Amino acid sequence: MTNKHLIALDLDGTLLTDKKTISPRSKEVIKKARQAGHIVVISTGRPYRASMQYYRELNLDTAMVNFNGAFVHHPHDTSFGTHHSPLDLKTAKTVIETCEAFNVSNIMVEIIDDYYLRYFDKVFVDTFTAGTSPVDHGNLLHILQDDPTAILIHPDASNEKQLRHLIKDAHAEVIDQRTWGAPWNVIEIVKAGMNKAVGLKKVSEFYGIPREKIIAFGDEDNDFEMIEFAGQGVAMENGIDQLKSLANTTTKSNEEDGIALYLEEALNL
C-alpha cells in the first residue's frame, strides 16, 4: 500500500473520553483504518500496565510508546527490541531527597511495570495504577535499587512552583520535567531527551514509514515533540493552547470523536 500511514494516538484527553473509555465511533473508525492497511500505535505517558487494556480493546498488534518515550517495545514481536531509557538512580534519589524536604503529598517511582510509593494511598493507587498494588512503599531512598523509568510527584500546592524550579535548576541537564493537569497537579520526571517523538521515530523506522506519512493526535504538553515530529500533527479541541498553536490542525474534542472525524476525512474511511 503506497499510501500507508502511521497513526499515533495519545490516550488521556485524546483517544479516551473523560470517563476513560474509547467511544464506539472511535473504535469503529480505527478498525477501518487498520483494515485499510494503516498502522495504529499508542503513544502515551502511561506505563504499559495502564495502557494495555486499550491496546487489547483495539486489537492492536503493533509497537507502542510508554512513559513519554522512556520505554518503547512491541508486545508481540521481540525483533523490535526493548528500548528502556531510565533515570540514573543517584539522580533519582537526589530528586526524592528534595521532595522529602518539601513535604510532598506522595512520590511514585516507576520501573517499567513495577512501581513503588512513598505513602500507601488507596485513592492514589486506584487513580494512577488501575488498582494494581505497589511492590513496596515507605522510605524510597532505602527501597530503590534500580534505575527508575519515571518519578511522579504529587506536591503540596503551597510550594509546588518553588519545588518545580528547584528540581529544574538542580537537574536541568539530566532530567526532563512534565506537568499533569488538574485535579492532581502531578510533576513527572524522566531522563533528559525522552519524549514521544523519540519513541515514535523508533516505531516509524521499524515499519518503514516516513515522517510525512505520520498522523499524531495529542492534547497536552507531553505531546509537543510528537505533534511537531509528525507530518500531520493534530491537536484536540480540548487541548492546551500552546499545542493547538504548534499543530498542523485542530480536530474536535475527545468527547466529540475528534480522532474519528479527522481520520474519516483524511483517509477517506
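All values reported here derive from a predicted model rather than from experimental measurement.

1. Details of the packing of aromatic side chains
Here's step 1: Summed over the entire model, instances satisfying the criterion amount to three aromatic pairs.
Here's step 2: Each ring, one from Phe80 and one from Phe206, has its centre 5.0 Å from the other, and the planes form 80°; the classification is edge-to-face. Remark: Phe206 occurs in helix 8 (residues 196–207) and Phe80 occurs in the loop between strand 4 (71–73) and strand 5 (83–84); sequence separation between them is 126 residues.
Here's step 3: When the centroid spacing of 5.5 Å and the interplanar angle of 85° are considered together, the rings of Phe217 and Tyr262 count as edge-to-face. Placement of Phe217 in strand 12 (residues 214–218) and of Tyr262 in helix 11 (residues 258–266) is noted, with a sequence separation of 45 residues between them. With respect to burial, Phe217 and Tyr262 carry one shared label: buried.
Here's step 4: Aromatic rings pair up to connect Phe80, Phe206 and Tyr207 into one cluster.

2. Overview of the side chain of Asn254
Here's step 1: Tracing the backbone through its elements, the reader meets Asn254 in the loop between strand 14 (249–251) and helix 11.
Here's step 2: A distance of 3.0 Å separates the side chain of Asn254 from the backbone oxygen of Leu16, its partner in a polar contact.

3. Describing helix 2 (residues 24–35)
Here's step 1: Here helix 2 contains twelve residues, and its C-alpha end-to-end distance of 16 Å stays within 8% of the 16 Å for a straight helix at 1.5 Å per residue.
Here's step 2: Just downstream of helix 2 lies Gly37, where phi reads positive at about 105°.

4. Some words on the sheet that holds strand 12
Here's step 1: Pairing in this open sheet of five strands is parallel, and the strands run 2-1-12-13-14 from one edge to the other. Looking at the sheet topology across the chains shown, the edges are occupied by strand 2 (39–42) and strand 14. When strand polarity is set aside, the average angle formed by the axes of neighbouring strands in this sheet is 25°.
Here's step 2: Across four bridges, strand 12 lies against strand 13 (residues 232–236) in parallel orientation. In the sheet register, Gly218 faces strand 13, and the bridge partner there is Ala235.
Here's step 3: Its contacts with the sheet put helix 8 on strand 1 (6–9), strand 2 and strand 12, and the angle it makes with strand 1 is roughly 155°.

5. Quick look at the nonpolar core
Here's step 1: Counting 32 residues, the largest nonpolar core has Ile7, Leu9, Leu15, Phe217 and Leu263 as the members making the most contacts within it.
Here's step 2: Mapped onto this core, the elements with two or more residues apiece are strand 1, helix 1 (11–15), helix 2, strand 2, helix 3 (52–57), strand 12, strand 13 and helix 11.
Here's step 3: Ranked by residues supplied to this core, first place goes to helix 11 with four residues.
Here's step 4: Residues in contact with Leu15, not counting those within four places in the same chain, are Leu9, Asp10, Thr21, Ile22, Ser26, Ile30, Leu58 and Ile259.
Here's step 5: In this structure, Val95, Ile107, Val109 and Ile187 belong to the second largest nonpolar core, which totals 22 residues.

6. So, helix 4 (residues 89–101)
Here's step 1: Relative to the 18 Å expected for 13 residues at 1.5 Å per residue, helix 4 spans 19 Å between its end C-alpha atoms, a close match to the ideal helical length.
Here's step 2: Those residues of helix 4 lying buried are Leu89, Thr91, Ala92, Val95, Ile96, Thr98 and Cys99.
Here's step 3: Capping the start of helix 4 is the job of one residue whose side-chain oxygen sits 3.1 Å from the backbone nitrogen of Lys90: Asp88.
Here's step 4: One or two positions beyond helix 4, positive phi appears at Asn103, with a value near 50°.

7. As for the sheet that holds strand 5
Here's step 1: Strand order in the open sheet made by the three strands is 3-4-5, with antiparallel pairing throughout. What marks the edges here is a single partner per strand, and that holds for strand 3 (64–66) and strand 5.

8. Overview of the pattern of salt bridges
Here's step 1: Inspection of the entire model under this criterion finds 14 salt bridges.
Here's step 2: Of the charged contacts in the structure, one is a salt bridge between Asp10 and Lys196, with a shortest N-O distance of 2.9 Å. You can see Asp10 sitting in the loop between strand 1 and helix 1 and its partner Lys196 sitting in helix 8, a full 186 residues away along the chain. Assigned by exposure class, Asp10 and Lys196 land together as buried.
Here's step 3: In this structure, the salt-bridge partner of Lys244 is Glu237, at a minimum N-O distance of 3.5 Å.

9. As for the environment of Glu28
Here's step 1: With respect to the element layout, Glu28 can be found in helix 2.
Here's step 2: Along the sequence, Glu28 and Ala260 sit 232 residues apart, while their C-alpha atoms lie 8.3 Å from each other.

10. As for the pairing of strand 11 (residues 187–191)
Walk down a regular strand and you will see the side chains alternate between the two sheet faces.
Here's step 1: In terms of residue burial, strand 11 counts as a mostly covered element, since four of its five residues are buried.
Here's step 2: With three bridges connecting them, strand 9 (residues 150–154) and strand 11 associate as antiparallel partners. Within the sheet, the bridge partner assigned to Leu152 lies in strand 11 and is Glu188.
Here's step 3: Examined bridge by bridge, strand 10 (residues 175–179) and strand 11 share five bridges and lie antiparallel to one another. Each residue of the ladder has a partner; that of Gln177, found in strand 11, is Ile189.

Cut-offs used in this document
Residues numbered from 1 in each chain as written. Predicted model: local features only at pLDDT ≥ 70, side-chain atom pairs only at ≥ 80, totals over all residues. Heavy atoms only, no water. Phe/Tyr/Trp six-rings, centres within 6.5 Å; stacked < 30°, edge-to-face > 60°. Helix = DSSP H or I, 4+ residues; strand = E, 2+ residues; numbered from the N terminus. Buried < 20%, exposed > 50% of the residue type's maximum accessible area, 1.4 Å probe, protein only. Polar contact = N/O pair within 3.5 Å; in protein donor to acceptor, adjacent residues only side chain to side chain. Expected span 1.5 Å × (residues − 1). Pairing = 2+ DSSP bridges. Axes fitted to C-alpha atoms, helices over the stretch in contact; angles between N-to-C directions. Contact = heavy atoms within 4.5 Å. Core = buried A, V, L, I, M, F, W, Y, C linked by side-chain atoms within 4.5 Å. Salt bridge = Lys/Arg side-chain N within 4 Å of Asp/Glu carboxyl O.

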